[in-house]
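# Descriptive analysis of the structure
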Amino acid sequence: MAEEKTKTEEIKESASDLVDHVTDFLETYYQYIAINVAQRSINLASGAINFVVLIFLCLLIVSFIGFGLAWWLGDMINSRAGGFFIIAAFYLVIMIVIIIMRKKVIFPFLRNVITRKIYE
């Protein structure tokens, strides 16, 4: 009978150790998931900030190139307003092409970039 108690106590102790190990494992796994989510969020936020800054700089570059080209073209055709209208028409054509291509080219490209950034 004493042997049965010791075996029972050993089983209870083993079960208690197993429960302790499982809870430690679950806590560690929870911490791992939290760190992983935080890291992905930081990567996504930094990528978004980088993207916004680059878009702003590209917008400035395109604006100054557009102004310079419109001014130069206006001097070439002896009508500064005409130069600005020609450049505005060029930008309008680019905008129409982008609108036409957005569902087949632009949205899939952006979706792939964002997905790669999330799983990076």
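On a predicted model such as this, the values are computed, not experimentally measured, just so you know.

## Here's the deal with the overall build of the protein chain
Scanning the protein chain for helices and strands turns up two helices and zero strands. Computed over the C-alpha atoms, the radius of gyration of the protein chain is 32 Å, more than 25% above the 14 Å expected from 2.2 N^0.38 for a compact globule of 120 residues. Its C-alpha atoms give the protein chain principal-axis dimensions of roughly 115 × 25 × 15 Å. Split into buried and exposed, the 120 residues of the protein chain put 6% on the buried side. Summing over all exposed atoms, the protein chain offers an accessible surface of approximately 10500 Å²; the carbon and sulfur share of this is 73%. In the protein chain, the 11 positive side-chain charges and the 11 negative ones have mean positions that sit 29 Å from each other.

## Some remarks on the packing of aromatic side chains
Counting across every chain of the model gives five aromatic pairs. A ring pair is formed by Phe25 and Tyr29, whose centres lie 6.2 Å apart and whose planes are at 20 degrees; its orientation type is stacked. In this pair, Phe25 and Tyr29 are both assigned in helix α1 (residues 2-76), four residues apart and thus about one turn of the helix distant. Of the residues examined, Phe25 reaches a relative accessible area of 54% and is grouped as exposed.

About the cut-offs
- Residues numbered from 1 in each chain as written.
- Predicted model: local features only at pLDDT ≥ 70, side-chain atom pairs only at ≥ 80, totals over all residues.
- Heavy atoms only, no water.
- Helix = DSSP H or I, 4+ residues; strand = E, 2+ residues; numbered from the N terminus.
- Rg over C-alpha atoms; globule rule 2.2 N^0.38 Å.
- Buried < 20%, exposed > 50% of the residue type's maximum accessible area, 1.4 Å probe, protein only.
- Areas by Shrake-Rupley, 256 points an atom, 1.4 Å probe, with all protein chains shown as cover.
- Lys, Arg positive; Asp, Glu negative; His and termini not counted.
- Charge placed at Lys NZ, Arg CZ, Asp CG, Glu CD.
- Phe/Tyr/Trp six-rings, centres within 6.5 Å; stacked < 30°, edge-to-face > 60°.

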